[in-house]
Amino acid sequence: MGSSGNFFVAGNWKSNGTKESVSKLVKELNSSKFPSDVDVIVAPTFVHLPYVVDNIDSRYQVSAQNCWVGKAGAYTGEVAPEHLLDLGLQWVILGHSERRSLLKESNEFVGDKTANALAQGMKVIACIGETLEQRESGQMYNVLDGQLSGIADRIADWENVVVAYEPVWAIGTGKVATPDQAQEVHAYIRKWLADKVLPKVSGATRIIYGGSVNDKNSAELAGKEDVDGFLVGGASLQAASFATICNANAKVAA
Ligand code: PEP
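Overview of the structure. What you are looking at is a predicted structure, and each value in this text was computed from that prediction instead of being measured.

## Some thoughts on the overall build of the chain
Looking only at helices and strands, the chain has 12 helices and eight strands in total. Against the 2.2 N^0.38 benchmark of 18 Å for 254 residues, the chain shows a C-alpha radius of gyration of 17 Å, consistent with a compact globule. Dimensions along the principal axes, computed over C-alpha positions, put the chain at roughly 50 × 45 × 35 Å. Here the analysis covers contacts within the chain between residues at least 6 apart in sequence; of these, 72% occur between residues at least 24 apart. About 11300 Å² of surface is accessible on the chain, with carbon and sulfur atoms providing 51% of the total. Within the chain, one finds 23 positive and 29 negative side-chain charges whose respective centroids are separated by 3 Å.

In structure tokens, the structure reads:
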């Protein structure tokens, strides 16, 4: 833990689930145990949000996986922060690499969406991360700088932002970053926030790691100084694995 906030674990269910599987997962999550000082968030698809909000235990917070860049209105197919707030949600994941690559979301667009969601009263899990090609060609820090600047140029207050470092080569591949690789980049992001935003923001902002986190590797990653939690994809669909990940920091502290 390098930040002053609670350990933070978010499960990104991506475009997965049926009414039946979501109801089973919620039931299992409701009987999972984790320390009360861990912030645990689940992010179902838009269509499953109302069910999850109504049925998940209040120890969990619920997040959307995306939202519109402006106010509600004539934007066919889009879901605005107002809709999410109306459902009782506080959180939204923005800038996930799948959206950056498949839907060509630029750094500027992700920054605009972050600013809009924050201005409307939401909290944002803002994702950044490099591809393998960018890492291997020495572009990693330039890429991260651009992604961070896209956000920092558009927001003044970081209180409701969690930064998720998700190396693209580790997402859904089973190829997790080593704890040292994760720590190196998390420390870089923390220094970037101190230098380019404010030391106070650097000390308070949770920087979480995502990319093939599971019940076997989470405790070692959580032991790294600047790893303040996780954004979990695949393993968040298995309640038992997700519960172990939610307990990863307690295991380190024990
Ligand atoms: C993610 O998509 O945010 C993610 C980290 O996925 P996975 O855990 O499956 O690699």
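## Topic: the pattern of salt bridges
Inspection of the entire model under this criterion finds 13 salt bridges. Salt bridges here are not isolated pairs; linked through shared partners, they connect Arg-99, Glu-105 and Lys-113.

## Structural notes on the pairing of strand S8 (residues 229–232)
Every second residue of S8 is oriented toward a common face, with Gly-229 and Leu-231 on one face and Phe-230 and Val-232 on the other, all of them buried. Bridge count for strand S1 (residues 7–12) against S8 is four bridges, and the pairing is parallel. Note on S8: the bridge partner recorded for Phe-8 is Gly-229.

## Some remarks on the packing of helix H5 (residues 107–119) against helix H7 (residues 140–152)
The contact between H5 and H7 brings their axes to 7 Å, and the two run at 35 degrees. Judged by the twist between their axes, the crossing of H5 over H7 is right-handed. Contacts between H5 and H7 involve Asn-107, Gly-111 and Thr-114 from the former and Gly-146, Gln-147, Gly-150 and Ile-151 from the latter. Of the residues assigned to the contact of H5 with H7, the class counts are one nonpolar, six polar and no charged.

## Details of the site of the ligand
In the vicinity of the ligand there are 14 residues, among which Lys-14, His-96, Glu-166, Gly-172 and Ser-212 approach most closely. Within the backbone of Gly-234, a nitrogen or oxygen atom sits 2.9 Å from an oxygen atom of the ligand. Contact with the protein chains hides 95% of the accessible area of the ligand, taken as 290 Å² for the molecule alone.

## Side note on the nonpolar core
Nonpolar side chains in soluble globular proteins generally cluster together in the buried interior. With 61 residues, the main nonpolar core has Leu-29, Val-42, Val-92, Trp-158, Ile-189, Tyr-209 and Phe-230 as its most contacted residues. Core analysis: the second largest hydrophobic core is formed by 12 residues, Phe-8, Ile-41, Ile-93 and Leu-231 among them.

## Some thoughts on the side chain of Asn-116
Within the secondary structure, Asn-116 is located in helix H5. On the basis of relative accessibility, which here comes to 13%, the residue Asn-116 falls in the buried class. Among the polar contacts listed, one links the side chain of Asn-116 to the backbone oxygen of Trp-68, at a separation of 3.3 Å. Excluding its chain neighbours within four sequence positions, the residues that come into contact with Asn-116 are Trp-68, Val-69, Gly-70, Lys-71 and Pro-81.

Conventions and cut-offs
Residues numbered from 1 in each chain as written. Predicted model: local features only at pLDDT ≥ 70, side-chain atom pairs only at ≥ 80, totals over all residues. Heavy atoms only, no water. Helix = DSSP H or I, 4+ residues; strand = E, 2+ residues; numbered from the N terminus. Rg over C-alpha atoms; globule rule 2.2 N^0.38 Å. Contact = heavy atoms within 4.5 Å. Areas by Shrake-Rupley, 256 points an atom, 1.4 Å probe, with all protein chains shown as cover. Lys, Arg positive; Asp, Glu negative; His and termini not counted. Charge placed at Lys NZ, Arg CZ, Asp CG, Glu CD. Salt bridge = Lys/Arg side-chain N within 4 Å of Asp/Glu carboxyl O. Buried < 20%, exposed > 50% of the residue type's maximum accessible area, 1.4 Å probe, protein only. Pairing = 2+ DSSP bridges. Axes fitted to C-alpha atoms, helices over the stretch in contact; angles between N-to-C directions. Left-handed = near helix turned anticlockwise from the far one by under 90°. Nonpolar A, V, L, I, M, F, W, Y, C, P; charged D, E, K, R; others polar. Near = heavy atom within 4 Å. Polar contact = N/O pair within 3.5 Å; in protein donor to acceptor, adjacent residues only side chain to side chain. Core = buried A, V, L, I, M, F, W, Y, C linked by side-chain atoms within 4.5 Å.

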